[in-house]
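Analysis of the macromolecular model
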Amino acid sequence: MLSVDLNADLGEGFGVWTLGDDDAMLEIVTSANVACGFHAGDPAGLARVCRAAADRGVRIGAQVSYRDLAGFGRRFIDVTPEDLAADVMYQIGALSALATAAGSAVSYVKSHGALYNTIVTNRSQGRAVAAAVHAVDSRLPVLGLPGSAFFAEARDMGLQTVAEAFADRAYRPDGQLVSRGETGAVLHDVDEIAERVISMVTAGRVTAIDGSTVDVSVDSVCVHGDSPGAVQIATAVRDRLTAEGVTLAPFS
């Protein structure tokens, strides 16, 4: 039987400022990419998300990023590999403590925003992120874009790679994501998104922004928790997948 993981970026509020509906999303997804404080999230809020995820049996992943709280981690930073590796280890360690206190554990690692996109092609930074994960716990899987430089480096280090597809993001003809600064990069039509996910999961294909067909590998589908209508989108995706007989289950 076909099975796929459904993940979302959570814990991205800060103090009195909230972003997304973490509790509602945790009723839908099977894995939670929890912010680690560098692009979003404060310790008390992240602890609450970890407890809520643990209570629902949702896997917790460390969503690591550049040190860019003001820019929400969406700005490229030309950081040295040594500094980037240390930053990633620091973030995994911080979230691991909160997850352990909640009765759970960090089960995988995913990069956020600009760091995620950069290590698709930047081998030096991809190697630094992979080395950091390997140094903390070589058993931790890493979530990312298939065919990326990061995946090549991670596999060279013996890390398990988990291919991710995006429900609500447009794809380029080369299989990379359309930049958020471009028109049409983020999708909002619930029915269109659900149909795209079905095509990606069951047929391994998605229509790129220019109308061409792109082959995709999918172990986990991401719905962004901060998108407008995120709960409705995630619900539609989950319902459409289960209606097609696809089992939703965490990969780790």
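Residues numbered from 1 in each chain as written. Predicted model: local features only at pLDDT ≥ 70, side-chain atom pairs only at ≥ 80, totals over all residues. Heavy atoms only, no water.

Looking at the overall build of the protein chain
Check the secondary structure of the protein chain and you find eight helices and 10 strands. Taken over the C-alpha trace, the protein chain has a radius of gyration of 17 Å; the compact-globule value for 252 residues is 18 Å, and the two agree within 12%. Expressed as lengths along the three principal axes of its C-alpha atoms, the size of the protein chain is roughly 40 × 35 × 35 Å. Within the protein chain, buried positions represent 52% of all 252 residues. A separation threshold of at least 6 residues defines the contact pool for the protein chain, and within that pool the share at least 24 residues apart is 72%. About 10,400 Å² of surface is accessible on the protein chain, with carbon and sulfur atoms providing 50% of the total. The distance from the centre of the 19 positive side-chain charges to the centre of the 31 negative ones in the protein chain is 3 Å. (Helix = DSSP H or I, 4+ residues; strand = E, 2+ residues; numbered from the N terminus. Rg over C-alpha atoms; globule rule 2.2 N^0.38 Å. Buried < 20%, exposed > 50% of the residue type's maximum accessible area, 1.4 Å probe, protein only. Contact = heavy atoms within 4.5 Å. Areas by Shrake-Rupley, 256 points an atom, 1.4 Å probe, with all protein chains shown as cover. Lys, Arg positive; Asp, Glu negative; His and termini not counted. Charge placed at Lys NZ, Arg CZ, Asp CG, Glu CD.)

Re the packing of helix H2 (residues 43–56) against helix H3 (residues 81–101)
For the pair H2 and H3, interaxial distance at closest approach is 8 Å and the crossing angle is 50°. By the angle between their directions, the pair H2 and H3 is classed as oblique. Handedness of the H2/H3 crossing: right-handed. Residues Pro-43, Leu-46, Ala-47 and Cys-50 of H2 form the contact with H3, whose own contacting residues are Leu-95, Leu-98 and Ala-99. Within the contact of H2 with H3, the residues separate by chemical class into seven nonpolar, no polar and no charged. (Axes fitted to C-alpha atoms, helices over the stretch in contact; angles between N-to-C directions. Parallel < 35°, antiparallel > 145°, perpendicular 65-115°, else oblique. Left-handed = near helix turned anticlockwise from the far one by under 90°. Nonpolar A, V, L, I, M, F, W, Y, C, P; charged D, E, K, R; others polar.)

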